[in-house]
Amino acid sequence: MTVYINELKRSAKAWCIWTCSIAFMVVICIMMFPEMKSEMDSVTDVFANMGGFTAAFGMDRLSFGELMGFYGIECGNILGLGGGFFAALTGAAVLAKEEKEHTAEFLLTHPVSRFSVIMQKLLSVVTQIVVMNIFAAAASVVSAAAIGEELQMREFVLLHTAYLIMQLEIACICFGISAFLRRSGIGIGLGLALALYFMNIICNISEKAEFLKYITPYAYSEASNIISDSKLETGLVLTGAVIALAGVMTGCIKYMTKDIAA
């Protein structure tokens, strides 16, 4: 597990910055809720009559006057976009970094197979994403308790489970892309995460674009659907799992046969 531990050490600084930033923003949002609660009912009525904009972000199905509704919209965007960006950056860099930093020759001359290197690197990505989500969820629970509010735990757990799966899918796709790169994939990773996010907005607005929900993982991590229905869309989650597996397999096959520059 030497490669795995080394990857975690190399990524520790970036992980701390992203995790602390996301957790801090979530805490600030929750702490603001008591002061805004009395005004939220009128805000909900305003948003409910904004047509396509309301549907795009699922604000027609949630109440800003309730903590879970407020959490789903405000904190959901932080966890969805912030977590998605972190997953994309981590996945896109994990294989390409060896050639970018000219450490591939040192790494691959050790008595460890390429498959083992790939799996340990992938495991490090998964570990970082899982632990980040644990910290974000814990920060949310503590903050809610601090302001004397209660989260709907079933919906809360389902929501964070969906965000975790979504981030893992994005990371796996970027992991596959990373195997084809010889330099940093930061731009590609961020671009992909942002494109998937906007795909979800488009399919929320237009029924003609509803097929996009089978492509973007943001579709099954839509806070308004999860909180309103108290369940995940199993079909979309399974589709996402297949896409994630395809990304990992593509990355493995490419990296196993790739002519890696020192």
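No experiment lies behind these values; they were computed from the predicted model shown. (Residues numbered from 1 in each chain as written. Predicted model: local features only at pLDDT ≥ 70, side-chain atom pairs only at ≥ 80, totals over all residues. Heavy atoms only, no water.)

Caption draft 1: The arrangement of the pattern of salt bridges in detail. This model, assessed by the stated rule, comprises three salt bridges. Linking R10 and E7 is a salt bridge whose minimum nitrogen-to-oxygen distance equals 3.4 Å. Here E7 and R10 lie together in helix 1 (residues 2-48), a separation of three residues that amounts to about one turn. Judged by its relative accessible area of 1%, E7 falls in the buried class. K121 serves as the salt-bridge partner of E7, at 2.6 Å between the closest nitrogen and oxygen. Taken together, the positions of E7 in helix 1 and K121 in helix 6 (residues 114-146) put the pair 114 residues apart, joining distant regions of the chain. By relative accessible area, which is 0% here, K121 ends up buried. A network of salt bridges, in which partner residues are shared, links E7, R10 and K121. (Salt bridge = Lys/Arg side-chain N within 4 Å of Asp/Glu carboxyl O. Helix = DSSP H or I, 4+ residues; strand = E, 2+ residues; numbered from the N terminus. Buried < 20%, exposed > 50% of the residue type's maximum accessible area, 1.4 Å probe, protein only.)

Caption draft 2: Looking closely at the packing of helix 7 (residues 153-178) against helix 10 (residues 234-257). In the contact formed by helix 7 and helix 10, the axes pass within 7 Å of each other and the chain directions differ by 25°. Comparing the axis directions of helix 7 and helix 10 gives the class roughly parallel. In the packing of helix 7 onto helix 10, the handedness of the crossing is left-handed. In this structure, helix 7 uses I165, E169, C172, I173, F175 and G176 to contact helix 10, whose residues at the interface are V237, G240, I243, A244, G247, V248 and G251. Looking at the contact of helix 7 with helix 10, its residues break down into eight nonpolar, four polar and one charged. (Axes fitted to C-alpha atoms, helices over the stretch in contact; angles between N-to-C directions. Parallel < 35°, antiparallel > 145°, perpendicular 65-115°, else oblique. Left-handed = near helix turned anticlockwise from the far one by under 90°. Contact = heavy atoms within 4.5 Å. Nonpolar A, V, L, I, M, F, W, Y, C, P; charged D, E, K, R; others polar.)

Caption draft 3: Expanded view of the nonpolar core. Core analysis: the biggest nonpolar cluster contains 62 residues, and V26, M68, Y71, L79, L159 and I170 have the highest contact counts within it. Of all the elements in the fold, those that place two or more residues in this core are helix 1, helix 3 (67-93), helix 6, helix 7, helix 8 (186-205), helix 9 (223-229) and helix 10. At 13 residues, the largest contribution of residues to this core is made by helix 3. Residue contacts for L159: discarding those within four places in its chain leaves M68, Y71, G72, S221, A223, I226 and I227. (Core = buried A, V, L, I, M, F, W, Y, C linked by side-chain atoms within 4.5 Å.)

Caption draft 4: Region of the structure containing a nonpolar patch on the surface. A cluster of nonpolar side chains, F24, M25, I28 and M32, forms an exposed patch at the surface whose accessible area comes to about 390 Å². In this fold, I28 is placed in helix 1. (Patch = residues over 30% accessible without salt bridge, like charges linked within 9 Å, V, L, I, M, F, W, Y side chains within 5 Å. Areas by Shrake-Rupley, 256 points an atom, 1.4 Å probe, with all protein chains shown as cover.)

Caption draft 5: Examining helix 3 more closely. Across its 27 residues, helix 3 extends 36 Å between first and last C-alpha, which sits within 8% of the 39 Å expected from 1.5 Å per residue. Its maximal kink placed at C75, helix 3 deviates by approximately 40°. Within helix 3, 23 of the 27 residues are buried, which leaves the element mostly enclosed by the surrounding structure. (Expected span 1.5 Å × (residues − 1). Bend = angle between axes of the 7 residues up to and from the residue.)

Caption draft 6: Geometry of the environment of I78. By secondary structure assignment, the location of I78 is in helix 3. Of the residues examined, I78 reaches a relative accessible area of 13% and is grouped as buried. The sequence separation of I78 and S21 amounts to 57 residues, and the corresponding C-alpha distance is 9.8 Å. Ignoring sequence-local partners within four residues, the contact set of I78 consists of I22, M25, V26, C29 and G83.

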